[in-house]
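Remarks on the overall topology
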Amino acid sequence: MKLLEQKLTIWFVINPISGTRRKKKLPTLIRKYLNQDKFSYKIYYSRYKGHAGEIARDAVNENIDVVCAVGGDGSVHEIGVNLIHSKTTLAIIPWGSGNGISNHMGIPLRTIRALSCLNRFHSIEIDTVSVNDSHFLGIGGYGIDAFIAKKFDHAKKRGLKTYIKHTVKEFYKFKPIDVSIEIGQEYKNVKAFLLSVANTSEFGNRFALSPKSSVQDGVLEMIIVKPFPKWTSPFLVARFLRKKGDKSKFVETISFKKAVLNLSDDLAHYDGEHTKENKTIKIEVVPKSLKIIVNKKKIARI
């Protein structure tokens, strides 16, 4: 007699404040469209900053097979960094404002399609990024993007409109930061309007900061946007939206595995989550350190 196959255990962790969509219907969609012949599941709601990370650590300790972040890049970050070097796999249902990490992994924005992707359960091992005493999964930044991430985090409303409002408001006031860069035996000093370290390709909303980045190549990209005439900003933004920002004369891209940055400012963001950081930043790629479910149809560009 053939033994019944044991179901995979999955915890859904819902961030009730991410994005702009109402999440009351999510439990119904999960119950209806999740393959319950394959999965047994529980649903949790994060109640405060850091709670989703606590749930993820509990899942690792209880040998849960999958933790699914239901939210934006901040939720994915908080859960994902706590699954690094564990046997628990990260999944994503994108309900955030930008969804840069899930976009890179090819996860559909529509919830029913994202659940179908989860049902197919195609997982890979991806690189993550070690930065001082913490980690991130997608993109870390130390220029205007970090400043806007702080403003966005304190905003009463979420969503793309709020992000654009803060970007436009702060754009003309922001002063470039001074950065010294050490990679191996090479040193350079730059002024940067934006300096980001990319493991994935985009900020979110299809803004392709580093279109050639891969999460499986053991390499990171440092993107430096140098000071530029403000009147050229619409053209520069259009380049990034067309995945050609790296071709601009104001943009420099450096591939590396390990680097040290010394900054004139202590503000940073990791996967869109702002933080106060040391002015000396040690960054290193951590190859194949996290298991994550991706869209197999998009695997070629991951």
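As shown above, the structure is provided for reference.
This text gives an overview of the structure that appears in the document. Residue positions are counted from 1 within each chain, in the order its sequence is given. Side-chain atom pairs in this predicted model are given and counted only at pLDDT of 80 or more, local residue features only at pLDDT of at least 70, and totals for whole chains, interfaces and linings cover all residues. Side-chain numbers here rest on the full set of heavy atoms in the structure, without hydrogens or water.

Moving on, we come to the pairing of strand E14 (residues 267-270). Between buried and exposed lies partly exposed: a residue is buried under 20% and exposed over 50% of the maximum accessible area for its type, with that area taken using a 1.4 Å probe on protein chains only. Helix and strand labels come from DSSP, where a helix needs a run of H or I of at least four residues and a strand needs a run of E of at least two; each type is numbered from the N terminus. Of the two faces of E14, the one carrying Leu267 and His269 and the one carrying Ala268 and Tyr270 are both buried. Sheet topology note: the strand E7 (residues 139-141)/E14 ladder contains two bridges and is antiparallel. By the bridge assignment for E14, glycine 141 is matched with histidine 269. A pair of strands is treated as paired once DSSP finds two or more bridges between them. In terms of strand pairing, E14 meets strand E15 (residues 273-276) through four bridges, oriented antiparallel. The residue of E15 that forms the bridge with tyrosine 270 is glutamate 273.

If you check which residues of helix H8 (residues 233-241) are buried, you get Ser233, Leu236 and Phe240. End-on view of H8: buried residues confined to an arc of 65°, all on one side of the axis. Of the residues in H8, the exposed ones pointing more than 90 degrees away from the buried face are Pro234 and Phe235. Positioned one or two residues after H8, lysine 243 has a phi angle of 65°, which is positive. As used here, the arc is the angular range of directions from the helix axis to the C-beta atoms.

Structurally, the position occupied by serine 102 is in helix H4 (residues 100-104). Among the residues examined, serine 102 registers a relative accessible area of 2% and is labelled buried. A polar atom in the side chain of serine 102 sits 3.2 Å from the backbone oxygen of asparagine 99. Between two residues, a contact is recorded if the distance between any of their heavy atoms is within 4.5 Å. Beyond its immediate stretch of four places on either side in the chain, serine 102 contacts Asp73, Ile92, Pro94 and Ile107. The definition of a polar contact used here is a pair of N or O atoms within 3.5 Å, where within protein one atom must be able to donate a hydrogen and the other to accept one, and adjacent residues in sequence count solely through side-chain atom pairs.

Within the secondary structure, serine 46 sits in the loop between strand E2 (39-45) and helix H2 (51-61). Sequence-distant contacts of serine 46, that is, excluding residues within four places in its chain, are made with Ile14, Asn15, Pro16, His51 and Ala52.

In this section: the nonpolar core. Phe12, Ile79, Leu90, Met105 and Leu118 are the most contacted members of the largest nonpolar core, which has 45 residues in total. Apart from the residues lying within four places of it in its own chain, the contact partners of phenylalanine 12 are Ile30, Leu34, Tyr41, Lys42, Ile43, Tyr44, Cys68, Val70, Ile93, Leu115 and Leu118. Residues enter a nonpolar core if they are buried and are Ala, Val, Leu, Ile, Met, Phe, Trp, Tyr or Cys, with the set joined through side-chain atoms within 4.5 Å. Within the second largest apolar cluster, 40 residues are counted, among which are Ile181, Leu195, Leu220 and Ile223.

Attention now goes to helix H5 (residues 111-120). Since the α-helix advances by 3.6 residues per turn, residues separated by three or four positions end up pointing in the same direction. Of all the positions in H5, only Thr111, Ala114, Leu115, Cys117, Leu118 and Asn119 are classed as buried. Looking at the buried side of H5, the elements it contacts are strand E1 (8-14), helix H1 (26-33), E2, strand E4 (89-94) and strand E16 (280-293). Just past H5, the residue phenylalanine 121 takes up positive phi, approximately 55°.

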